[in-house]
Amino acid sequence: MMDLQLNEELVFRNIKVDTDKEVLAYLANKLYQKDYVKKDYIEAIQKREFEYPTGLPSTPPIVAIPHANYELVSHTTLAIATLEQAVDFHNMENKNETLPTKIVIMMAISEPHGQVEMLQKIVGIIQNETLRKRMILAESDFELLTLLKQAIA
């Protein structure tokens, strides 16, 4: 079982961004500033998103789950942002399709096999439309963090 630190300092509600690149940079920089990831993670996350998109098709609100190589991660965690306006992420299952995304969960996983384990938990969020709607409507960072913790517990 991985040692997952979830922290209110990595919860960002209703942020204003215009593109997927902006939200990736925003979250990756926060992870770097707080010592969860190495500097190279910031560039790696953009590169990986371009090659392997992370938008997950579902009913709205849609979730994206960007991540980068575990070797660039110091401490396993998740950063979560809800977006004031949806931005387009490319569909994981079909690169040519974009999905208007409102929840971004950036995975910083330091164990080689941890990403698969975490992806399986996050898929649970994708299958739960009520939970995703509650995440968008969360009125405090604490509430959003609590919903995330419940979802992956």
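Residues numbered from 1 in each chain as written. Predicted model: local features only at pLDDT ≥ 70, side-chain atom pairs only at ≥ 80, totals over all residues. Heavy atoms only, no water.

### Let's talk about the sheet that holds strand E5 (residues 98–108)
Two modes of strand pairing occur in sheets, parallel and antiparallel, and in both the strands are linked by backbone hydrogen bonds.
Then, in step 1: As summarised here, the arrangement of the five strands in space is E1-E4-E5-E3-E2, forming an open sheet in which the pairing is mixed. In this open sheet, the two strands that pair with only one neighbour each are strand E1 (11–15) and strand E2 (55–56).
Then, in step 2: When E1 meets strand E4 (residues 77–90), the two strands line up parallel, connected through three bridges. The partner of Phe12 across the bridge, within E4, is Ala81.
Then, in step 3: Along the sheet, helix H4 (residues 129–137) contacts E1, strand E3 (62–64), E4 and E5; its crossing angle with E5, the most-contacted strand, is approximately 80 degrees. (Pairing = 2+ DSSP bridges. Helix = DSSP H or I, 4+ residues; strand = E, 2+ residues; numbered from the N terminus. Contact = heavy atoms within 4.5 Å. Axes fitted to C-alpha atoms, helices over the stretch in contact; angles between N-to-C directions.)

### Concerning the layout of surface pockets
Then, in step 1: Taken as a whole, the largest pocket holds about 210 Å³ of empty space.
Then, in step 2: Residue lining of the largest pocket: Asp20, Lys21, Leu24, Gln46, Glu49, Phe50, Pro53, Asp88, His90 and Lys95, and that is the complete set.
Then, in step 3: Of all elements in the fold, only helix H1 (20–33), helix H2 (40–51) and E4 reach the threshold of two or more residues within the lining of the largest pocket.
Then, in step 4: Split by residue class, the lining of the largest pocket holds three nonpolar, two polar and five charged. (1 Å grid on protein atoms, 1.4 Å probe; cavity = no way out; pocket = protein on both sides within 12 Å on 5 of 7 lines; lining within 4 Å. Points joined across faces, edges and corners; volume = space filled by probe spheres on them. Nonpolar A, V, L, I, M, F, W, Y, C, P; charged D, E, K, R; others polar.)

### Some details on the packing of H4 against helix H5 (residues 141–152)
Then, in step 1: At a minimum axis separation of 9 Å, H4 and H5 run at an interaxial angle of 160 degrees. Between H4 and H5, the angle is such that the two are roughly antiparallel. Handedness of the H4/H5 crossing: left-handed. Across the interface between the two elements, Leu131, Arg134 and Met135 from H4 touch Leu144, Leu147, Leu148 and Ala151 from H5.
Then, in step 2: Looking at the contact of H4 with H5 residue by residue, the class counts come to six nonpolar, no polar and one charged. (Parallel < 35°, antiparallel > 145°, perpendicular 65-115°, else oblique. Left-handed = near helix turned anticlockwise from the far one by under 90°.)

### Considerations on the nonpolar core
The nonpolar side chains of a soluble globular protein tend to be buried with one another.
Then, in step 1: Core analysis: the largest hydrophobic core is formed by 26 residues, its most contacted members being Val23, Leu27, Leu31, Tyr41, Leu83 and Met106.
Then, in step 2: At the level of elements, E1, H1, H2, E4 and E5 are the ones that each hand at least two residues to this core.
Then, in step 3: The residues contacting Met106, other than those within four sequence positions of it, are Leu24, Leu27, Ala28, Leu31, Tyr41, Ile45, Pro66, Thr77, Leu78 and Ala79.
Then, in step 4: Val63, Met118, Leu131 and Met135 belong to the second-largest nonpolar core, a separate cluster that totals 24 residues. (Core = buried A, V, L, I, M, F, W, Y, C linked by side-chain atoms within 4.5 Å. Buried < 20%, exposed > 50% of the residue type's maximum accessible area, 1.4 Å probe, protein only.)

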